[in-house]
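A look at the structure
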Amino acid sequence: MGITRYDEVGYWSELKLDIVRKYAQAYSTVLSKDARIRRYIYIDAFAGPGIHISKQTREFIPGSPLNALNVCPPFSEYHFIDLDGDKAKHLRELTEGDPSVTVYNGDCNQILREQVFPPARYTDYHRALCLLDPYALNLDWKVIQTAGPMQSVEIFLNLMVMDMHMNILWRKPEDVSPAQLARMNVFWGDDSWRHRLYCKPKGLLPGFEKMEEKVSNAAVAEAYRERLQQVAGFAYVPAPMPMLVARLSITCSLHRLTGRGRRSYPTSLTGTVKGGPFDGDMLGH
Ligand SMILES: C[S@@+](CC[C@H](N)C(=O)[O-])C[C@H]1O[C@@H](n2cnc3c(N)ncnc32)[C@H](O)[C@@H]1O
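Glancing now at the sheet that holds strand 4 (residues 60–62). One open sheet accounts for three strands, arranged 1-3-4; its pairing is mixed. Sheet topology places strand 1 (8–9) and strand 4 at the edges, where each strand pairs with a single neighbour. The pairing of strand 3 (residues 51–54) with strand 4 spans three bridges and is classified as antiparallel. Looking at strand 4, one finds that His-52 is bridged to Ile-61.

What follows is the structure, encoded as structure tokens:
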């Protein structure tokens, strides 16, 4: 296998994996009972290699793609995307022989809009559950803006507030590099964040009227939540769940739908981490 190092994931990442796994299970259960629905697909746009190492137990654990593959009844199709060639190759090897799985190696911002979303048409009674779980602010608003009006795509989004704090929402906005500003504009969809994510402190003394400070994490998440509804057109966007002091997970919900039998994937993985690259035999494949 091409992968030489696995991500070590902490408590919050394991909790996130568990939430998405349970939601995907509930989603499939509901949609499989809706006779109108012809296909419902699972999309993991920042998929990773399919396996991580738990910081708590030091054991291998399934990543979000493998968790989705274990959902029963299964989704009609699975689309996994990763920019990293080794991770995509690893995922391809893990899922080899499963005709319901397509693994893409490339930028999900392009692949989602050009290949994966278009067949998930509401009017064809197709539906999709899509996980957007990047490390940083490398999601293009165009992806969100494409999915919203489709009304067939339900999204879990991990909003990386930490990246905003570290690189963009500085105390002195004039010091932020043009490249970082451009990155934030691509993520937000325009530059309106500049007004939405800064505010004037109360009781400013004369001479300090231009002073601004960034809003709280909760206010950042709420501003993005508002955009998901008001600009992207998602019908229902529940309040986000904070995952860490500086990381928030936002869910934007929409619709539901059916599936059938498949091969089984491991629900837990055991093996020694020190032993080097993960051996696929441990998966029982
Ligand atoms: C946080 S990890 C995903 C973990 C996975 N969701 C899980 O829980 O098992 C983020 C992944 O996104 C990938 N990535 C980063 N930018 C990307 C892009 N533009 N398109 C597709 N994948 C990307 C990285 O290589 C990395 O594997």
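On we go from here.
Attention now moves to the site of the ligand. Taken together, 18 residues lie near the ligand, and Phe-46, Gly-48, Gly-63, Cys-108 and Asp-133 sit nearest. Listing elements by their share of the shell around the ligand, those giving two or more residues are strand 5 (77–82) and helix 4 (108–116). Grouping the amino acids of the shell around the ligand by side-chain chemistry returns eight nonpolar, five polar and five charged.

Taking burial as the measure, the seven residues of strand 7 (residues 126–132) include seven buried ones, the bulk of the element. Side chains His-126, Ala-128, Cys-130 and Leu-132 project from strand 7 onto one buried face, and the interleaved Arg-127, Leu-129 and Leu-131 project onto a second face that is buried too. Here strand 2 (residues 39–44) pairs with strand 7 via six bridges, running parallel. The residue bridging Tyr-40 from the neighbouring strand is Arg-127, located in strand 7. Following the chain from strand 7 across helix 5 (residues 141–150) to the adjacent parallel strand 8 (residues 153–159), one finds a crossover that is right-handed.

Next up on the list: the packing of helix 4 against helix 5. Between helix 4 and helix 5, the least distance of the axes is 9 Å, while the angle of their chain directions is 25 degrees. Comparing the axis directions of helix 4 and helix 5 gives the class roughly parallel. Viewed along their axes, helix 4 and helix 5 form a crossing whose handedness is left-handed. Together, Asn-109, Leu-112 and Arg-113 of helix 4 and Lys-142, Val-143 and Thr-146 of helix 5 make up the contact between the two elements. Residues that form the contact of helix 4 with helix 5 fall into these classes: two nonpolar, two polar and two charged.

Per-residue confidence for the chain gives a mean pLDDT of 85; residues scoring 70 or more make up 84%. Counting interchain partners and residues more than four positions distant, the pLDDT-below-50 stretch residues 251–262 has 49 contacts. Per-residue pLDDT stays below 50 along residues 270–285; that stretch engages in 24 contacts with residues further than four places along the chain or on separate chains.

Right, let's get into the nonpolar core. Grouped together as the largest cluster of nonpolar side chains are 64 residues, with contacts concentrated most on Tyr-42, Ile-43, Ala-45, Ala-128, Cys-130 and Leu-132. Not counting residues within four places of it along the chain, the set of residues in contact with Ala-45 comprises Ile-81, Cys-108, Leu-112, Cys-130, Leu-131 and Leu-132.

All of the buried residues in helix 7 (residues 178–188) are Met-184, Phe-187 and Trp-188. Down the axis of helix 7, the smallest arc covering the buried residues is 90 degrees, so these residues share one side. Along helix 7, exposed side chains directed more than 90 degrees from the buried face belong to Pro-178, Ala-179 and Ala-182. Buried residues along helix 7 sit against helix 5 and helix 8 (193–196). Positioned one or two residues after helix 7, Gly-189 has a phi angle of 100 degrees, which is positive.

What follows concerns the pairing of strand 6 (residues 101–105). Of the pairings in the sheet, the one linking strand 5 to strand 6 comprises five bridges and is parallel in character. Residue His-79 lies in a different strand from strand 6, and its bridge partner there is Thr-102. Crossover handedness for the path strand 5 to helix 3 (residues 85–94) to strand 6: right-handed.

The next subject is unusual backbone geometry. Across the junction of Cys-72 and Pro-73, the peptide omega takes the value 0 degrees, indicating a cis bond. One can find Pro-73 in the loop between helix 2 (64–69) and strand 5. Of note, the phi angle at Gln-151 is positive, near 60 degrees, even though the residue is not glycine. Assignment of secondary structure puts Gln-151 in the loop between helix 5 and strand 8.

Further remarks concern the environment of Lys-210. Along the polypeptide, Lys-210 turns up in the loop between strand 9 (198–199) and strand 10 (213–214). Of the residues examined, Lys-210 has 7 C-beta atoms within 10 Å and is grouped as exposed. In the structure, Lys-210 is positioned ten residues away from Lys-200 in sequence and 7.9 Å away in space, judged by C-alpha atoms.

Here is what the cut-offs are and how they apply
- Residues numbered from 1 in each chain as written.
- Predicted model: local features only at pLDDT ≥ 70, side-chain atom pairs only at ≥ 80, totals over all residues.
- Pairing = 2+ DSSP bridges.
- Helix = DSSP H or I, 4+ residues; strand = E, 2+ residues; numbered from the N terminus.
- Near = placed C-beta within 6 Å.
- Nonpolar A, V, L, I, M, F, W, Y, C, P; charged D, E, K, R; others polar.
- Buried ≥ 20, exposed ≤ 12 C-beta atoms within 10 Å, placed from the backbone.
- Right-handed = clockwise from strand over helix to strand, strands pointing away.
- Axes fitted to C-alpha atoms, helices over the stretch in contact; angles between N-to-C directions.
- Parallel < 35°, antiparallel > 145°, perpendicular 65-115°, else oblique.
- Left-handed = near helix turned anticlockwise from the far one by under 90°.
- Contact = placed C-beta atoms within 7 Å.
- pLDDT = per-residue confidence, 0-100.
- Core = buried A, V, L, I, M, F, W, Y, C linked by C-beta atoms within 7 Å.
- Arc of directions from axis to C-beta.

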